[in-house]
Structures are given as C-alpha cells and as structure tokens.
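Summary of the model geometry
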Amino acid sequence: KTLKIKIIALAIFLLFAPLTFGQNRIQIIDSMLTVYHKEGKLNGNVLLAEKGQIIYSRSFGFANQITKEKLNENSVFGLASVSKQFTAMAIAILKEQGKLNYDDKITKYLPELMAYDNISIRNLLNHTSGLQDFEQLTNSREAKEYISTRLVDNIVTNQDIVAFFSMYKPKLIFNPGTKIEYCDIGYVFLGSIIEKVSGLTYTEFLDKTIIKPLEMNSTFVSSPETTPDKINNYAWGYIYSESLKKYVSADSLIAKDIMQIMTDGAGGIYSTVLDLLKWDRALYTEQLVTFSSLKEIFEPAVLSDNTRTSYGFGWFIRQNPNYGKSVNHTGEDRG
C-alpha cells in the first residue's frame, strides 16, 4: 500500500506540474524515477509527452526476471482496468451509430437479466448500478455451486457472468443511480452488450473501430491464443513467494484447478506505451467519436440527489482549481 501511494503521488505531481517542461525538470523527474527503481519500487516503462511530442521515455528493469530480458518501449503490458476506457469508447461509438442509448435499460439487450430491469447502460458506465462485484460474490454459496456444476475448465467467461446473475439474481447493494461503487461486473455486462448490439465479438469490434483505425499495432484483447508465453516482448508480472523467498512469475502460479477470469469489457487488453500515446492523441480529436460524445465521456456522473461523482465513462476525473480537469485510470492485476 505504501508503494502504491508513493507512485500515485508521483503521478499526480507529474500530472499537475506546469505544462512547459524544461530540461532541468526532465532531469529531476528522471532522478526521482531512478531512485524508485534502485529501491526496487519501480519496474516498468515511463513515457511523458507534451502536446503529442515525446519529451521523456525510459524503461526501468526487466521484462523477464528469469532470462534477464530488459524492458523497452515496445514491451507489452496487461492493462487490467485501464481497459475500461476502451470499452466505454466502444459503447460511445455504438451510440453514435444509433444502435443504443446510454439510458436504455440493459434488459433491452440482455433480456435474461430481467431481475435488473432498473439498471441502464449509463449506470454500468459510471459504476452507479448497485451490482455486487466479483469480490462480493466469489465466496457465496451460489458462486461455489455454479463453479462446481457449470464452469467449463475453471474459466469464467462473459456468458458465465450473465448466466450466473440470471440464475441466482444476487441482490443489488443500492438502488441504481443513488450511489457509486466501482464494479467490474458492470463492464463485463457492457462487453456482452457490445457483442449483442454489433453482431461482432468484443475483440472484433474493438479491432474494427479503435485498434486498427489508430494503428495501435501492438494492442490486442486477451484470448486463449494470446497467453503470456505466446506474446512477443511480454512484460511478465511477478509475485513475491514467502515460501521460496523470491519473486516468481504470477502466471506460473496459475494451475488448472484455480479459477481463471477470462471476461471481456472490464480488463483483458494488452498494449505498449507507444500505442497508448496514439490512443491519448485520438482523444483530442474526432477520429473515433464527436467532441459532443467526448464531453459526455469525460463528464462526472451525477447521482439522484445531485451529488457529483469522480467517475465518467471509463475514466476517473479530477477537478483542480489551478490546473483544471484531469482524467486518469489505474489498473491492477496479479504481479
């Protein structure tokens, strides 16, 4: 937790620093990051850009601790929940195509979820649905029953999540629109809605509408064919093993008897810092959607009591009196 707080604090410093970066400031930033790396608190890639021009790019540490392969700017990382912004954009694209509306009830597209006919697509996008999330459900009697009787190869898919909610109807933890609570399940449902509305798989739709148009050539959605050992230049995640007293590959700890989450929408996208820069630049243009849609994406949700939240469509949003609006998202996965 201490490490996470320190790195977030550093990120906020970089985010709110004045926009004109002198060479002296770059040297200070590099010195700070070097210290983090030497202390074992940073292993990864850092890229800073000003108005689209790269002003700092450096790799710290190894992509593979075993082979000692070093990270580089083309190293492929799992984005985890940073994937949510791509799912939200896909929904915005479908909305502009006239195939859905944000205030449509999710049962219009997933009729098997009639127990949740008061939840809208907008609620899923901004985490105001009231749905219980993975962590709240994993140890429930119903989940254990479903896993033991219906799960295939211990892999959880979007279809499994929808089927589970259809069968067992877990209660909402609050009425939609009255509160906000971060929820991966909501974005899994969005992934399924994208498939239902577009007639394509989640992967196919993102490839067609986002990844290929932006020429994000090193970006893709995870699948059984894109396991870490099949990805070129993959940045492996590591977990410290108390029994072995060393870091081991997080992926090597996955055994067939351990449940694996392979859903689309909430996570599962892989990318590089250079591809993410392309993505960033597109968000300043109308290449993917109109400025009107972008404004909605970056607008904080408002609850039923008129309370403004800090989340839009796939983005955390901060409003600073000195520097204006900033948007960001974190992602966390094993290792």
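Right above here is the structure, for reference.
Residues numbered from 1 in each chain as written. Predicted model: local features only at pLDDT ≥ 70, side-chain atom pairs only at ≥ 80, totals over all residues. Heavy atoms only, no water.

Examining empty space enclosed by the protein
In plain terms, the rule: Grid points spaced at 1 Å and placed over the protein atoms alone form the basis of the search, with a cavity being a set where a 1.4 Å probe fits but cannot get out and a pocket an open set showing protein on both sides within 12 Å along at least five of seven lines. Lining residues have an atom within 4 Å of a point. Grid points are joined across faces, edges and corners, and a volume is the space filled by probe spheres set on the points. Each helix corresponds to a stretch of at least 4 residues labelled H or I by DSSP, and each strand to a stretch of at least 2 residues labelled E; elements are numbered beginning at the N terminus.
Scanning all chains against the criterion turns up one cavity of 30 Å³ or more. The calculated volume of the largest cavity comes to roughly 200 Å³. The wall of the largest cavity is formed by 15 residues, among which Phe134, Ala143, Val156, Ile161 and Phe164 lie closest to the centre. Listed by contribution, the elements that provide at least two residues to the lining of the largest cavity are α5 (134–137), α6 (141–150) and α7 (158–168).

A word on the pairing of strand β13 (residues 324–328)
Condition: One bridge is not enough; two strands pair if DSSP finds at least two bridges between them.
Taken together, the five bridges between strand β12 (residues 316–320) and β13 define a ladder with antiparallel strand orientation. Along β13, the bridge assignment pairs Asn320 with Gly324. The loop that links β12 with its antiparallel partner β13 comprises three residues.

What about helix α10 (residues 273–282)?
What counts is decided by this rule: Exposure classes here rest on a 1.4 Å probe applied to the protein chains alone. A residue is buried below 20% of its type maximum, exposed above 50%, and partly exposed in between. Note on contacts: a residue pair qualifies if any of its non-hydrogen atoms lie within 4.5 Å across the two residues.
Here α10 has its buried residues at Val273, Asp275, Leu277, Trp279 and Ala282. Buried residues belonging to α10 abut β1 (44–50), β2 (53–60), α3 (84–96), α9 (202–211) and β11 (269–271).

A word on the packing of α7 against helix α8 (residues 184–198)
Our working rule: An axis is simply a line fitted to the C-alpha atoms; with a helix, the fit covers only the stretch in contact. Between two such axes, the angle follows the N-to-C directions and lies from 0 to 180 degrees. Each angle is binned into one of four classes, with values under 35 degrees roughly parallel, values over 145 roughly antiparallel, values of 65 to 115 roughly perpendicular, and all other values oblique. The crossing is said to be left-handed when, going from far helix to near helix, the turn is anticlockwise and less than a right angle, and right-handed when the turn is clockwise. Any residue outside Ala, Val, Leu, Ile, Met, Phe, Trp, Tyr, Cys, Pro, Asp, Glu, Lys and Arg is labelled polar, Gly included; the first ten of those are nonpolar and the last four are charged.
At a closest axis distance of 10 Å, the pairing of α7 and α8 adopts a crossing angle of 110°. On the basis of the axis angle, α7 is roughly perpendicular to α8. Crossing handedness for the pair α7 and α8: left-handed. Contacts between α7 and α8 involve Asn158, Gln159, Ile161, Val162 and Phe165 from the first element and Ile185, Val188, Phe189, Gly191, Ser192 and Glu195 from the second. Taken together, the residues of the contact of α7 with α8 sort by class into six nonpolar, four polar and one charged.

Description of the pattern of salt bridges
For clarity, the threshold we go by: A side-chain nitrogen of Lys or Arg and a carboxyl oxygen of Asp or Glu constitute a salt bridge if their distance falls within 4 Å.
Considering all chains together, one arrives at twelve salt bridges under this definition. The salt bridge involving Lys278 is made with Asp275; its shortest N-O contact spans 3.9 Å. Here Lys278 and its partner Asp275 are both found in helix α10, three residues apart, which amounts to about one turn of the helix. The salt bridge partner of Arg281 is Asp280, with a shortest N-O separation of 3.5 Å. Judged by relative accessible area, which is 28%, Asp280 ranks as partly exposed. Each member of the salt-bridge network shares a partner with another, and the members are Arg141, Glu142 and Glu145.

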